[in-house]
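Results of the structural survey
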Amino acid sequence: MNIHEKYINRCIELAKNGLGTTYPNPLVGSVVVYDDKIVGEGWHQIAGGPHAEVKAINSVKDKTVLKKSTIYVSLEPCSHFGKTPPCSDLIISSGIKKVVIGTIDTYDKVSGRGIKKMIEAGCDVTVGVLQEECQELNKRFFTFHNKKRPYIILKWAESNDHLISPLEKDKKEPVWLTNQYARQLVHKWRSEEQGILVGTNTVLHDNPRLNTRDWKGNSPTRIVIDKTLKTYPNHSIWDGEINTIIFTEKQLNRLNSNITLKWIDFNKPIPLQICEELYKEGIQSLIIEGGAQTLQSYIDLELWDEARIFKSNIKLINGIYAPLINHPVNNSKKIIRNQLNFHKKHD
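Residues numbered from 1 in each chain as written. Predicted model: local features only at pLDDT ≥ 70, side-chain atom pairs only at ≥ 80, totals over all residues. Heavy atoms only, no water.

**Describing the packing of aromatic side chains**
For any pair of aromatic rings, the description rests on two quantities: the centre-to-centre distance and the angle between the ring planes. Counted only if it meets this: Only centres within 6.5 Å qualify two rings of Phe, Tyr or Trp (six-membered ring in Trp) as a pair; their planes then separate them into stacked at under 30 degrees, edge-to-face at over 60, and tilted for everything else. Only DSSP runs of H or I with at least four residues qualify as helices, and only runs of E with at least two residues qualify as strands; both kinds are numbered from the N terminus onward. Burial classes: relative accessible area under 20% of the type maximum marks a residue as buried, over 50% as exposed, and values in between as partly exposed (1.4 Å probe, protein chains only). Counted as over-ring charges are cases with an Arg CZ or a Lys NZ within 6 Å of the ring centre that also lie within 35 degrees of the ring normal.
Taken as a whole and assessed by the stated rule, the structure comprises five aromatic pairs. Look at Tyr7 and Tyr72: their rings are 5.1 Å apart centre to centre, the planes differ by 50 degrees, and that puts the pair in the tilted class. Taken together, the positions of Tyr7 in helix α1 (residues 3-15) and Tyr72 in strand β3 (residues 70-75) put the pair 65 residues apart, joining distant regions of the chain. Of the two residues, Tyr7 and Tyr72, both sit in the buried class. Taken together, a centroid distance of 6.0 Å and an interplanar angle of 65 degrees make the contact between Phe141 and Phe142 edge-to-face. The cationic tip of Arg183 hangs over the ring face of Trp176; the distance from NZ or CZ to the ring centre is 4.2 Å. If you follow Arg308 out to its NZ or CZ, it ends over the ring of Trp189, 4.7 Å from the centre.

In structure tokens:
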């Protein structure tokens, strides 16, 4: 790892601290280096708050060293006025002459303009350091803006005999295929995404709250497919505690302020319509947690980016078969007696 990669890697580490809190903005980390030492660093923490470059520059105690410093940033500095002024302007006005960038921001309001502005102001700009890693960092942001849909993560747990749930569920004692540590990890994942999707049967059988009660963080927008509103009104998704979108063909006269009904045509591919509507809503990422039919509908249309599958040592014998996915395992790890496999779809 060369010196530029070392500091861009630090930018990536910093940026990850903002996962789940910066939407609709990207994850960005930045460090200011003088005499081969980090003298300032920061990351974007929340939309509307200071950007990473601002926090990094402001954290430098001796501002006289800025003219002899290099600023590293994981993503191209912005060049437009949003809720905050352009970061490229701040870099220029601070006197920093050397800028190292992980990857270009393909968002059309930036897309090379920040780099162009700094070069024209006399900055020495290096672009493309750990580029793949920096693009992976903002996979949600790039997918949303480039593909006009959310970044989609599929998640399920399956038994040793490839079943996702028993045919009949005991209301008093539910069958858990995952252990408490795996379930806590799932709640962490929920806090990192903007939306969580389930189908009607999952709500009817499990009555999930779809929140982050086992992890400190924001609960995602709940998204439910419910053609005829079978779940209304006696299930947790109608409690109004979390923003909820329900895709249906029905109407209701009275709704909680946190609940939105969206009409879709159930005679046409449902996943495509949902992605289109969620793009309009500005939801950049979506974790789909069930059931088997809903998950398979996204797999069949190749409308997914990652799959995270827990493998249990429990046998169910009779039940509903887990979805079928034909992409190889990219990575795996053990969570006590659960095996967690990661699949990633490459276009």
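Still to come is the rest of the account.
**Section: helix α6 (residues 139-147)**
Counting buried residues along α6, seven of its nine residues qualify, which places the element largely inside the surrounding structure. Turning to α6, its buried residues number three or more, namely Lys139, Arg140, Phe141, Phe142, Thr143, Phe144 and His145. At the C-terminal side of α6, Lys148 shows a positive phi close to 60 degrees.

**Re the pairing of strand β4 (residues 98-103)**
Taken residue by residue, a regular strand's side chains alternate between the two faces of the sheet. Test applied: Each pair of strands is called paired provided DSSP finds at least two bridges between the two strands. By convention, orient the strands away from the viewer: a clockwise path from the first strand over the helix to the second makes the crossover right-handed.
Across the six residues of β4, five count as buried, placing the element largely inside the fold. Direction of pairing for β3 relative to β4: parallel, over a ladder of five bridges. Across the sheet, Val73 pairs through a bridge with Ile101, a residue of β4. Running through helix α4 (residues 113-120), the crossover from β4 to the neighbouring parallel element strand β5 (residues 124-127) is right-handed.

**Remarks on the pattern of salt bridges**
Inclusion rule: Take a side-chain nitrogen of Lys or Arg and a carboxyl oxygen of Asp or Glu: if they are within 4 Å of each other, that pair is a salt bridge.
Going through the model one piece at a time under the given rule, you end up with 19 salt bridges. The residue Arg149 makes a salt bridge to Asp305 at a minimum N-O spacing of 2.8 Å. Note that Arg149 is positioned in the loop between α6 and β6 (151-158) and Asp305 in the loop between α10 (292-300) and β13 (306-311), a separation of 156 residues in sequence. The exposure classification of Arg149 matches that of Asp305, with both residues buried.

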